[in-house]
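# Coordinates in review
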Amino acid sequence: VTVRDTRVLVLGGTSEIAGAIVRELATRERECRVVLAGRDPRALDRAAQELRTAGCARVQTLVVDALERDGHQAALEQAWAQLGGVDVAILAVGLLGERGGLPRDIGGALEVLDVNVVGAGSLLLHSARLLRDQPRGGGTLVVLSSVAAERARASNVVYGASKAGLDALAQGLADALHDSDVRVMVVRPGFVHTRMTRGLRAPPLATTPQEVARATVSGLERGARTVWAPSAMRWVMIGLRALPRKVFRRLPL
Ligand SMILES: NC(=O)c1ccc[n+]([C@@H]2O[C@H](COP(=O)([O-])OP(=O)(O)OC[C@H]3O[C@@H](n4cnc5c(N)ncnc54)[C@H](OP(=O)(O)O)[C@@H]3O)[C@@H](O)[C@H]2O)c1
């Protein structure tokens, strides 16, 4: 699959990883039209300006909050209208929240679940339906999951559980839509240096938004269903998943 003249919708339009993916797409396109959708209009304007400076001339913004689910369908229909249809929708909405096991702030933990599973899930399902139903239907949903989805760690329980929920929804949807023209591609990065992880100790194999972007666009071009970034994370996670629980919980992860 080659990616040309692509209409791109970014849900989580201020995300550093999503911004890098759009810039990577733009370097390979003749033309790239973009809608950045997110909750903060001023931050979206800044992100749009950065993309224009990087060479994406046609960038618009749209306000949508993952927590305001009743507005999702109308907001997404507006995005579809702004772009005249969507070829690639990138779901990058996500909160890391408080790290650790049993949270001190249970309200904050529930917000992570609300944003990362229910809110992101709502945006995912509405987008899948709009992609399927658009004239000359089809397109690709890129879902930013995480290696954390593979096995919840004691150091990151709530985020891991939230990503596991979103990842399962996306993988199941990918299979359910297998015979349609809608493709769901799940991206599972390891630790990425962005504002989400600022101040945290970087583990081995930590990567950059640009590396995740290159892996994502290369996955789009070859029709991948799951993308690991860096690719070695795939083998690391096969190993970690197979570890007995009493060993896994002692690892300093
Ligand atoms: N960085 C990592 O190590 C890493 C690793 C694996 C997976 N990921 C995943 O990759 C995705 C992008 O992360 P990133 O590193 O690029 O971090 P980021 O720059 O913090 O991006 C997160 C995005 O989620 C948006 N968001 C949060 N709550 C929202 C809400 N209620 N409504 C709408 N948007 C909301 C943020 O918008 P605001 O600007 O308004 O806050 C921002 O656009 C996330 O899903 C993350 O879980 C990240």
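Positions within a chain are numbered from 1, following the residues in the order the chain's sequence is written. For this predicted model, a pLDDT threshold of at least 70 governs which residues receive local features, and a threshold of 80 or more governs which side-chain atom pairs are given and counted, while totals over whole chains, interfaces and linings are taken from all residues. Hydrogens and waters are ignored; side-chain quantities use all the structure's heavy atoms.

### Re the pattern of salt bridges
Throughout this description, the term salt bridge denotes a Lys or Arg side-chain nitrogen within 4 Å of a carboxyl oxygen of Asp or Glu. By the definition in use, this model includes nine salt bridges. Linking Arg188 and Glu150 is a salt bridge whose minimum nitrogen-to-oxygen distance equals 3.4 Å. Here the residue Arg188 occupies a position in strand β6 (residues 182-189), and Glu150 occupies one in the loop between β5 (139-144) and α5 (157-176), the gap between them amounting to 38 residues. Both residues of the pair, Arg188 and Glu150, belong to the buried class. Through salt bridges with shared partners, a single ionic network connects Glu150, Asp167, Arg188 and Arg241. Helix and strand definitions here come from DSSP, where helices need a minimum of 4 consecutive H or I residues and strands a minimum of 2 consecutive E residues; each element is numbered from the N-terminal end. A 1.4 Å probe rolled over the protein chains alone gives each residue an accessible area, and that area as a share of the maximum for its type sets the label: buried under 20%, exposed over 50%, partly exposed in between.

### Focus on a nonpolar patch on the surface
On the surface, Ile106, Leu110 and Leu113 cluster together to form a nonpolar patch covering roughly 250 Å² of accessible area. Structurally, Ile106 can be placed in helix α4 (residues 106-133). Like charges within 9 Å and nonpolar side chains (Val, Leu, Ile, Met, Phe, Trp, Tyr) within 5 Å are joined into patches, using only residues over 30% in relative accessible area that form no salt bridge. Throughout, the Shrake-Rupley method with a 1.4 Å probe supplies accessible areas, and for residues the shown protein chains are the sole cover considered.

### Considering the site of the ligand
Neighbouring residues of the ligand: 28 residues in total, closest Thr14, Arg39, Tyr159, Val192 and Thr194. Take Ile17: an N or O atom from its main chain is 3.0 Å from an oxygen atom of the ligand. Contact with the protein chains covers 94% of the free accessible surface of the ligand, which is 890 Å². Those elements giving two or more residues to the shell around the ligand turn out to be α1 (16-28) and α5. Tallied by class, residues from the shell around the ligand come to 14 nonpolar, nine polar and five charged. A molecule or strand has a residue near it when one of that residue's heavy atoms lies within 4 Å. Polar contacts here mean pairs of N or O atoms no more than 3.5 Å apart (in protein, one a potential hydrogen donor and the other a potential acceptor; neighbouring residues in sequence count only if both atoms are side-chain atoms). Classification convention: Asp, Glu, Lys, Arg as charged; Ala, Val, Leu, Ile, Met, Phe, Trp, Tyr, Cys, Pro as nonpolar; all other residues, Gly among them, as polar.

### Regarding unusual backbone geometry
Pro230 follows Ala229 through a cis peptide bond whose omega is -5 degrees. Within the secondary structure layout, Pro230 lies in the loop between β7 (226-229) and α7 (233-242). The backbone of Leu205 sits at a positive phi, close to 70 degrees, despite the residue not being glycine. Following the sequence through the fold, Leu205 ends up in the loop between β6 and α6 (209-222).

Everything listed is a geometric property; what it means functionally is a separate question.
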